[in-house]
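What follows is the residue order along each chain.
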Amino acid sequence: MTCLPKMTDKKLGLVIDLDTCVGCHACVVSCKGWNTENYGAPLADQDAYGEMPVGTFLNRVHSYEVQPEDGLAQLVHFPKSCLHCDDAPCVTVCPTGASYKRTEDGIVLVNETDCIGCGLCAWACPYGARELDGVEKVMKKCTLCVDRIYNENLPQEDRIPACVRTCPSGARHFGDLGDPNSDVSKLVAERGGMDLMPELGTKPVNKYLPPRPKDQLSSDQTPTQSLQAQADNPAGFFAWLDRTLEKL
Amino acid sequence: MHPAPSVILFTSLSGVGFGLLFFLGLGMPAPLGLNAFIFYAIAYAFAVGGLLFSTFHLGHPERAIKAFTQWRSSWLSREAWLSVLALGMTGLGAVAQIFFETRLAVVSYAGAALCLLTVFSTAMIYRQLATVPRWHTPMTPVLFLTYAVAGGALLSGQVGIAQPVLGLLGALQIFAWIQGDGAFARSGSTLATATGLGTNGSVRAFEPPHTGTNYLLQEFVYLVGRKHAAKLRLIAIILLSGLPIVLLVLPFNHMFAALAVLTHVAGVLVSRWLFFAQAEHVVGLYYGKRG
Amino acid sequence: MNIQPTVDTSPKVSDEIRKTTCYMCACRCGINVHLKDGKVAYIEGNRDHPVNQGVLCAKGSAGIMQVTAPSRLRAPLKRVGERGSGEFQEISWDEALQIATDWLRPLRETAPEKLAFFTGRDQSQSFTGLWAQMFGTPNFAAHGGFCSVNMATAGIYTMGGAFWEFGQPDWDHTKLFMLFGVAEDHDSNPIKMGIGKIKQRGARVIGVNPIRSGYNAVADDWVGITPGTDGRFILSLIYCLIEAGKIDLTYLARFTNAPVLVDPDTGLFLRDDSGKPLIVDRTTKTVVAFDHQGADPDIRGMHNGAVTVFTKMIEHFLVPENAPEAVADICGISAKRIRTLAAELAHVAFDQEIRLPRKWTDFRGHEYDEMIGRPVSIHAMRGISAHGNGFQTCRALHVLQIILGTVETPGGFRFKPPYPKPSEIHPKPHGDATPNAPLNGPHLGFVHGPEDLLIDDTGHPKRIDKAFTWENPMSAHGLMHMVISNAHAGDPYKIGTLFMYMANMSWNSSMNTSSVMDMLTDRDENGDYVIPRIIYSDAYSSEMVAYADLILPDTTYLERHDCISLLDRPICEADAAADAIRWPVIEPDRDVRGFQSVLVDLGARLGLPGFVNDDGSAKYADYADYMINHERKPGIGPLAGWRSDDDTGRGPVNPEQINKYIENGGVWVKHIPETAGYYKPWNMAYQDWAVETGLYDSAQPYLFQLYVEPLQKFKNAAMGHGDHQPPDHMRDRLKQVMHPLPIWYPTATVENDQDYPLHALTQRPMAMYHSWGSQNAWLRQIHGMNPMYLPTKVMRDHGLRDGDWAKVTSPNGSIVVPVAEMAALNEKTIWTWNAIGKRSGAWALDPKAPEATKGFLLNHLISELLPAKGDGMRWSNSDPITGQAAWFDLRVRIEKAQPPKSSQPQFGTLKSPVGQGPKTVTRSTKEGS
Ligand SMILES: Nc1nc2c(c(=O)[nH]1)N[C@H]1C(S)=C(S)[C@@H](COP(=O)(O)OP(=O)(O)OC[C@H]3O[C@@H](n4cnc5c(=O)[nH]c(N)nc54)[C@H](O)[C@@H]3O)O[C@H]1N2
Ligand SMILES: Nc1nc2c(c(=O)[nH]1)N[C@H]1C(S)=C(S)[C@@H](COP(=O)(O)OP(=O)(O)OC[C@H]3O[C@@H](n4cnc5c(=O)[nH]c(N)nc54)[C@H](O)[C@@H]3O)O[C@H]1N2
Ligand code: SF4
Ligand code: SF4
Ligand code: SF4
Ligand code: SF4
Ligand code: SF4
Ligand SMILES: [Mo]
């Protein structure tokens, strides 16, 4: 299935709110926890207690500083996992067909039993969304929790990705981005959801909601009226107060 | 990119090997019997040896056969097919020349074409990667093919061809380096596009997602000092093109010829090391590391 | 063409889910532990739990790696090598308990105070405290003294509760959320959930913090204040609000002590015969008790020369020193910005008022048709409290909230049961030890004047940590950070056994770590250890283990019973009372025992009252038995749920109680009726509900204390009034800091600013809990080392680039550490993550682990004592009122350094009593991994 499907019935994906993500790494670890136990081989940690621990994670949280022209520097926490691209280069390069994009929901998956661990798909992915497992030597990536979202052993409300379920600040949203009426699509429209590295033409399904403008309070756009001083010494204040209390 | 010995040896050696096979296929020379055996043995040693090295790069070499399935979309899969076809076709010619002392022209020409196609497909594995701007250029297949032809000409003793092609190779390689140095900047990918945060100001990587290393950093983020790279480039050009040309210009001598081959192959290895080590993957942007 | 593979989209998730309470930190979220073949397969948040409502943080999700950590202790240990070497021998529990009994019994029989029992991140203080009380030693406390006692006491003295466990913003209604000095806090998940909610509504978040990371990074506005100056900034906000008349006069008149009359001579309240403070009734113009039915208190009331608290307050706050223009430079915030912030507070509080149509009646019998809300909410934690002026700064912040009328009103700050609880109904501290008898009362509490201090007639401290003395009169949580140095110095006296639980005192929880290690290993002239015996309970091979003589290995949190009780640190929400349990969802695979059960056993062996029956037999089989059967008062026990059929919170013992909790996901919740949901301190519906639930014995309506009378009493004493007099050298300081209205004073930890121009701070990383996280194979990949973050300008000035190393020097010493640049940082501040640095050899990590070679502690630079003053005296590096450790007063300078082999200082490699962790981990229940 190395060829990409012409169309997928749905475009399931994540919408990540950079205005709200506090960078807590909860999504990182719950992803690790779920996926080491479920789909495919466990996610290995090598030199786990040693000098140079290296483990496989399907989701990582970066952070960036943004320095506006004038104004205070800002810090943005930036979670990143597979974006389930529509034009996924990781799929077309795969020589074995292990990498594929599902026709029913657009999820990009690796069939581990077919994977030869050549690493080419990871080379082709601009986002660093694929990691070769150090022990199993097969390619690992976000499965969009394909084994949760349809899982009949889970209550309906839990049929969402582990990272979305756990995110304490509600910065992660899951849904069908192919359906313009879905909650996630509306959110993207409302908040100007964006693509990462659009110039590479991968057409990511996952979208990022940009941070809202910051530090507006002391700028001139502030709606706040400045306070009107009644008195800057106790005597004046008591005079004002006595007048005010009369009216109370 | 991490300059893994397996891929360096794979691309370098198989390039030289298929280059030699290409010339043998063209009948330049067209040895028979034992002579043919020696030529083909050398060619196969390089080509097959290179291919074998490539399997060291695989996590699951025992499943390598599966790599033949996706020829419709994957250059790696195509390369698998083409290399087998090329080896098969040239092998047929080789058997005829060694054991039957006849040259099967059609088969040999077809083999020669397949050899170049194989090298081309190898190059296309890299050329197709938009994630590595330095590779994402037609220069990549052009270079790979020139490397193969130059090496093939040298090994096959086609001094007349080898001299100009080695010169051309040197020039192309220098051009590719210069062009490659600006490729990342021209690609338009920056930390701003990678994060989408560029509209608010200048973006700088702050804390990485993990304090240690990981597969991505190990595989894609490799830093070569600028001075170090310049030195290596000089060495590479001298070894792969300069010295061999000089050695070929000197009056013919088997020692010199062998030396020319050796320095050339050494130069190929050095330049291939640079090909990987200097290639920057866009994922480095996320880590605030280009390299 | 291949056919798309079929994926099993409905794999079995687990065989069984067991619901218990997380303890990867003290937030205490509910967790669903999924088990396969009896092994933990996956941990997720419990959706029905009041604290986390289904979400789980990074640490919580990594719980699996905590219960399988190779650093877990495996059996009781007896020290065989030198102290500090890490050489131990495994022994049986019988032997261990015998040793402990043999050490403790003689102390109890002769001088119970010679046992110092201190617990760290303990969540069973009502139990451990009871044990210590029954033992008879005055020397008990938990970690509160070095943690956040400034916040807790300032809140309780001011308004009957502070932040975190005491209360929370009204996340559903607030329109402006202002956060002071918080990186993570104990309320980890609820704050994140709250911020998420607010942002979804488009309400504003303002972060006041020298560092713009985490919560402050998502804040709409960031106020990058200079450390230690929040008090000044808050006083200036108060100034602006008063100046503009933007204060809630009605609220102040009715619900605070603003109208209370102050005796002009003593500064104490005028009181009636029954001791109730007096006010002037505006209607009758008479002087009546504050709670007089129907009274309408007059904030401008006067009587015989006495004026109201309010009048004093205005005179106190409305002075030129508090004007924004006067404070701007000190705080590093422009005057314009301070004025804008004040205007925004006023705008939201008064122009965006909320009215909930809920009828209620206050304690004076006034009836209200609706609940008026001022939707400004504030939250703060250690950033303002862990300073030497923290108590007064926290006071100022509470006063700011109160003058805006936002406390306990819709959209503002809301208490969580059992709070609100005025300081008067908390116990007072007790410290009188008698051989073979319990202490004369509970250890910790709230003093109301000099007469409550724990000093003897000669002025000698009764407690080893010198809590409740003139040096720190209101040290309601004790001073854990002084125990080791005082015990070592034999000042105020020598002790026999130091018994500690869950506190990494030889490392990240101490100041001046290297000297602590010296004190723990120091010997006297006879060659005996100066601190004769040390018993310690830990669950892991921490740095502290090496310094103990006897180790009582605890279980992990999934392997034991625990009780998160309304009697100590509850998990309630503003709308509900709640408590919870832990229970062994898996059995330990090692020879370890739950520490509380071990204490129950020790209590019985020592024959402590309350732990033995009349015939001397053990009263409780274990901690679970105690949780069910112990009663504090008739009908009140550690757990409030399922005591009786009507389930009020009070009632007789129910043997099925724990099973009921387990059936209900480990948690019990009792909702507060809607009409009782706000205005709790004055709302009779709430007061009645609280009594019914067992939170109070009788209704306790009270006034918020803008003016804190006990402070005035200490001040009076310092001025020479009264029977209880401080030593003379303390008078000036007491006169300065014991001010009944909030003040600000600079904290001087260095002689001059030029030598140490930078402030150095630590922050909690969200994905690590103090020292615990490093043993966790997943979490340590996220934070395996910690750089020192420097502001851009400092980086440039010193020619530093990311990855370079620098020497950081304080008056207490130097460290050499890796640096990294941060632009979103106060220009005078540098910082690092807390407690990532590890001692080589600890935690079953490779001795060359990055935590030890690149990670570092700031603690080496922080001293428990300030540099000597002119008179040669060294004050403790603590708040002079509460004794709170002033972690964040640290001042340093930096210079570029050659990269050393490892971060400096190093202390040698500890011998690991548990060996080293395995190379590779592929965690899964699938095959024997
Ligand atoms: N520089 C600097 N230092 C600081 C602070 C700061 O801000 N800056 N903050 C201070 C504050 S507020 C605090 S509260 C302290 C915290 O410092 P500590 O109280 O020392 O906290 P932890 O490092 O969590 O260590 C507690 C110990 O408990 C052990 N433990 C973990 N789980 C269990 C268990 O289930 N049972 C038992 N028996 N033991 C267990 C751990 O192994 C560890 O040894 O640090 C203080 N130190
Ligand atoms: N993940 C995680 N959670 C934890 C813990 C943990 O170790 N890990 N520890 C728990 C414990 S014991 C505690 S006490 C709490 C503490 O929780 P927090 O109160 O959040 O404590 P710190 O992380 O020490 O953060 C102090 C914050 O105050 C800021 N600050 C320092 N000085 C000043 C100042 O002068 N003014 C202002 N405005 N800000 C200042 C610092 O930049 C930092 O952001 O967290 C608890 N929760
Ligand atoms: S993010 Fe990377 S791995 Fe995921 S679909 Fe896109 S290219 Fe492939
Ligand atoms: S690593 Fe596996 S999935 Fe990736 S390209 Fe190679 S075979 Fe395909
Ligand atoms: S969707 Fe599932 S696999 Fe993907 S990042 Fe989230 S938790 Fe991980
Ligand atoms: S869990 Fe949510 S808030 Fe935390 S890092 Fe992930 S996306 Fe951000
Ligand atoms: S905040 Fe995290 S670690 Fe703390 S109790 Fe909750 S889930 Fe556990
Ligand atoms: Mo703390």
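About the criteria used
Position labels on residues start from 1 in each chain and follow its written sequence. Think of it this way: whatever chain is written first is A, whatever ligand is written first is 1, and the rest follow in order. Given that this is a predicted model, residues contribute local features only at a pLDDT of at least 70 and side-chain atom pairs are listed and counted only at 80 or more, while totals for whole chains, interfaces and linings are drawn from all residues. Side-chain metrics in this entry use all non-hydrogen atoms of the structure; hydrogen atoms and water are not considered. Contacts between residues were defined by any pair of non-hydrogen atoms, one from each residue, lying within 4.5 Å. Accessible area that two parts lose when put together, with a 1.4 Å probe and added across both, is what the buried area reports. Basic side-chain nitrogens of Lys or Arg form a salt bridge, by our definition, when they fall within 4 Å of a carboxyl oxygen of Asp or Glu. Here a polar contact is taken to be a pair of N or O atoms separated by no more than 3.5 Å, where protein atoms must pair a possible hydrogen donor with a possible acceptor and residues adjacent in sequence count only if both atoms sit in side chains. Each residue is assigned to one class: nonpolar for Ala, Val, Leu, Ile, Met, Phe, Trp, Tyr, Cys and Pro, charged for Asp, Glu, Lys and Arg, and polar for all the others, Gly among them. At least two bridges found by DSSP between two strands is the condition for calling them paired. Secondary structure follows DSSP: runs of H or I at least 4 residues long count as helices, runs of E at least 2 residues long count as strands, and numbering of each begins at the N terminus. Note on exposure labels: buried denotes an accessible area under 20% of the residue type's maximum, exposed denotes more than 50%, and partly exposed covers the range between, all computed with a 1.4 Å probe on protein chains only. For the purposes of this description, domain bounds are those given by an automatic or database domain assignment.

1. Here we look at the interface of chain A and chain C
And then number 1: If you look at the interface, chain A gives 97 residues, while chain C gives 103 residues.
And then number 2: For the pair chain A and chain C, the summed buried area comes to about 8000 Å², and 58% of that belongs to carbon and sulfur atoms.
And then number 3: Contact with chain C buries surface across chain A, with Glu37, Tyr49 and Leu217 of chain A losing the most and accounting together for 12% of the total.
And then number 4: As a salt-bridge pair, Asp215 of chain A and Arg212 of chain C come within 3.0 Å of each other at their nearest N and O atoms.
And then number 5: Taken together, the connections running from chain A to chain C amount to 42 residue pairs in polar contact (both at pLDDT 80 or more).
And then number 6: A breakdown of the residues in the side of chain A that touches chain C according to their chemical character gives 41 nonpolar, 33 polar and 23 charged.

2. Digging into the sheet that holds strand β5 (residues 88-90) of chain C
Residue and element names in this part refer to chain C.
And then number 1: Taken in spatial order, the seven strands line up as β5-β4-β25-β24-β23-β6-β7 in an open sheet, and their pairing is mixed. Of all strands in the sheet, those bounded by a partner on one side alone are β5 and β7 (140-141).
And then number 2: Note that strand β24 (residues 533-537) and strand β25 (residues 550-551) share two bridges and pair parallel. Following the sheet pairing, Ile535 is matched in β25 by Leu550.

3. Quick look at the pattern of salt bridges
And then number 1: Scanning all chains against the criterion turns up 78 salt bridges over all chains.
And then number 2: Across the pair Arg60 of chain A and Glu131 of chain A runs a salt bridge whose closest N-O atoms are separated by 2.8 Å. Residue Arg60 of chain A is found in strand β4 (residues 60-67), and its partner Glu131 of chain A is found in strand β8 (residues 130-132); the two are separated by 71 residues along the sequence.
And then number 3: Under the relative-accessibility criterion, Arg60 of chain A is labelled buried at 6%.
And then number 4: A salt bridge links Arg337 of chain C to Asp215 of chain A; the nearest nitrogen and oxygen atoms lie 3.9 Å apart. Of the two residues, Arg337 of chain C is situated in helix α13 (residues 335-351) and Asp215 of chain A in the loop between β11 (207-209) and α7 (234-247); the pairing between them involves two chains.
And then number 5: Taking relative accessible area as the criterion, Arg337 of chain C reaches 11% and is therefore assigned buried.
And then number 6: Asp215 of chain A gets classed as buried once you look at its relative accessible area, which sits at 13%.

4. Examining the domain arrangement of chain C
Residue and element names in this part refer to chain C.
And then number 1: What the domain assignment lists for chain C is domain 1 (77-150 + 449-552), domain 2 (166-184 + 192-421) and domain 3 (753-897).
And then number 2: Here the C-alpha centroids of domain 1 and domain 3 sit 26 Å apart.
And then number 3: With 35 residues of domain 1 at the contact, the number on the domain 3 side is 30 residues.
And then number 4: At the boundary of domain 1 with domain 3, total buried surface from both sides reaches about 2700 Å², with 54% on carbon and sulfur atoms.
And then number 5: Considering only the side of domain 1, the residues that lose the most area to domain 3 are Trp507, Asn508 and Met511, jointly responsible for 25% of the buried surface there.
And then number 6: Where domain 1 touches domain 3, the interface holds zero salt bridges.

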